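# Coordinates in review
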Amino acid sequence: MEDYAEGARVLIDTSDFRNGLAFLVDGELFQIVEFQHHKPGKGGAVMRTRLRNLRTGAIIERTFRAGERFEEARLERKPMTYLYHQDGEYVFMDMETFDQIPISASLLGDKVKYLKENTEVEVVTHEGRVIDVELPFFMEFEIVETDPGLRGDTASGGSKPARLETGAVVQVPLFVNVGDRIRVDTRTDTYLERVKS
């Protein structure tokens, strides 16, 4: 993102679109989840997008005319550590100032299923207001509940549900057992590998 003076507005157009870009539409803050350039048989090119409203978390689909202009949102990311959960809020600590901030479960949404104490995250703010918490893409968890593993069954390709130490449930290969540590892609809720202890 370009550096610019405080209070200055940066205008972008549809040619600047990329996944993760945040911008203002009709006074609402949106982030691009995915986009696709489309040239219909008649008329001008358009950009089809799936956008996440950073205030409500809702995903919408919206189409823009090619070249349409918007104000880019200035987002700030700060590394913080997750400390604990209390009364529907999750408390994070600023790694530099040691200030603690509570973030509501509703803002975190599905991400709470991967939060465990001392996890380092990126807290995203816009104009001083927390709008998102970004988890590490890959995290390790211990399996606390799953059906017994099948010895030697590493190639059948079958899977079974497993509950992680945080309560999240992911599909794992049949050979994975309670007590195993696994690596998970938190963006897609997918098992990646068993971690050697």
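Within every chain, residues take consecutive numbers counted from 1 along the sequence as written. Per-residue local features are limited, in this predicted model, to residues with pLDDT of at least 70; the limit for side-chain atom pairs, both in listing and counting, is 80 or more; totals at the level of whole chains, interfaces and linings are taken over all residues. Side-chain measures were taken over the full set of non-hydrogen atoms in the model, leaving aside hydrogen atoms and water.

## Things to note about the overall build of the protein chain
Each helix is a run of DSSP H or I of at least 4 residues and each strand a run of E of at least 2, with the numbering of both proceeding from the N terminus. Secondary structure assignment for the protein chain yields 1 helix and 16 strands. The C-alpha radius of gyration of the protein chain comes to 21 Å, more than 25% above the 16 Å expected for a compact globule of 197 residues. For the protein chain, the C-alpha atoms occupy an extent of roughly 60 × 50 × 25 Å along the three principal directions. Each residue's exposure class comes from its accessible area (1.4 Å probe, protein chains only) as a fraction of the maximum for that residue type: buried when under 20%, exposed when over 50%, partly exposed otherwise. Counting only residues that meet the buried cut, the protein chain has 37% of its 197 residues in that class. In what follows, a contact means two residues having at least one pair of non-hydrogen atoms within 4.5 Å. Pairs at least 24 apart in sequence give 44% of the contacts found in the protein chain among residues at least 6 apart. Per-residue and other accessible areas were derived by the Shrake-Rupley procedure at a 1.4 Å probe size, with only the shown protein chains allowed to occlude residues. Only carbon and sulfur atoms are counted for the fraction: they give 47% of the accessible area of the protein chain, which is about 11,900 Å². One finds the centroid of the 26 positive side-chain charges in the protein chain at a distance of 7 Å from the centroid of its 35 negative side-chain charges. Each radius of gyration is computed over the set of C-alpha atoms, and the globule rule expresses the reference value as 2.2 Å times the number of residues to the power 0.38. Counted charges follow a simple rule, with Lys and Arg positive, Asp and Glu negative, and His plus the chain ends left uncounted. Just so you know, the charge point we use is NZ for Lys, CZ for Arg, CG for Asp and CD for Glu.

## Some remarks on the sheet that holds strand E7 (residues 75-86)
In this description, strands pair whenever DSSP reports at least two bridges between them. Reading across from one edge, E9-E8-E7-E10-E11 is the order of the 5 strands in this open sheet, with antiparallel pairing throughout. Edge positions in the open sheet fall to strand E9 (100-104) and strand E11 (129-134), since each of these has one partner strand only. Taken pair by pair, the neighbouring strands of this sheet meet at an average axis angle of 45°, ignoring direction. Here 5 bridges tie strand E10 (residues 120-126) to E11, and the two strands are oriented antiparallel to one another. Paired with glutamate 122 across the bridge in E11 is glutamate 134. Fitted lines through C-alpha atoms give the axes, limited to the stretch in contact for helices. The angle between two N-to-C directions lies from 0 to 180 degrees.

## A closer look at the pairing of strand E4 (residues 46-53)
Bridging between strand E3 (residues 28-38) and E4 involves 8 bridges; their strand directions are antiparallel. Residue pairing in the sheet places glutamate 34 in a bridge with arginine 50 of E4. Summarising the sheet, E4 and strand E5 (residues 59-65) pair through 7 bridges and their orientation is antiparallel. Within E5, the position partnered with methionine 47 by the bridge is phenylalanine 64. Linking E4 back to E5 in an antiparallel pair, the connection comprises 5 residues, with glycine 57 at a positive phi of about 85°.

## Quick notes on the pattern of salt bridges
Here, a salt bridge means any side-chain nitrogen of Lys or Arg that lies within 4 Å of a carboxyl oxygen of Asp or Glu. All chains considered together, the criterion is met by 16 salt bridges. In this structure, glutamate 165 and arginine 181 form a salt bridge, with 3.8 Å as the shortest nitrogen-oxygen distance. Here arginine 181 lies in strand E15 (residues 181-185) and glutamate 165 lies in the loop between strand E13 (159-164) and strand E14 (169-173), a separation of 16 residues in the sequence. The exposure class of glutamate 165 is partly exposed, given its relative accessible area of 38%. The salt bridge partner of arginine 183 is glutamate 193, with a shortest N-O separation of 2.0 Å. Of the two residues, arginine 183 sits in strand E15 while glutamate 193 sits in strand E16 (residues 190-195), which places them 10 residues apart along the sequence. Taken together, the salt bridges that share partners define one network made up of Arg52, Lys111 and Asp132.

## Regarding the environment of glutamine 36
Inspection of the secondary structure assignment puts glutamine 36 in strand E3. Glutamine 36 has contacts with Val46, Met47 and Arg48, leaving out every residue within four places of it along the chain.

## Structural notes on the sheet that holds E13
Hydrogen bonds between backbone atoms are what pair the strands of a sheet, whose relative direction is either parallel or antiparallel. Taken in spatial order, the 5 strands make up an open sheet running E14-E13-E12-E15-E16, and their pairing is antiparallel. Looking at which strands have only one partner, the edges of the open sheet turn out to be E14 and E16. With direction set aside, neighbouring strand axes in the sheet form an average angle of 55°. Here E13 pairs with E14 via 5 bridges, running antiparallel. From the neighbouring strand, alanine 162 faces E14, where its bridge partner is valine 170.

## Points about the packing of aromatic side chains
Two rings belonging to Phe, Tyr or Trp (six-membered ring only in the last case) form a pair when the distance between their centres is within 6.5 Å. Interplanar angles under 30 degrees mark stacking, angles over 60 mark edge-to-face geometry, and anything in between is tilted. For the structure on display, the rule yields 11 aromatic pairs. For the ring pair phenylalanine 23 and phenylalanine 64, a centre distance of 6.2 Å and an interplane angle of 70° mean the geometry is edge-to-face. Of the two residues, phenylalanine 23 sits in strand E2 (residues 22-25) while phenylalanine 64 sits in strand E5, which places them 41 residues apart along the sequence. The residues phenylalanine 23 and phenylalanine 64 share a single accessibility class, namely buried. Chaining the aromatic ring pairs together yields one cluster made of Phe17, Phe23, Phe35, Phe64 and Phe70. The rule for a charge over a ring is simple: NZ of Lys or CZ of Arg within 6 Å of the ring centre, and within 35 degrees of the ring normal. A cation sits over an aromatic face here: arginine 187 above phenylalanine 137, 4.1 Å from the ring centre.

Any functional reading would require information that these geometric values do not contain.
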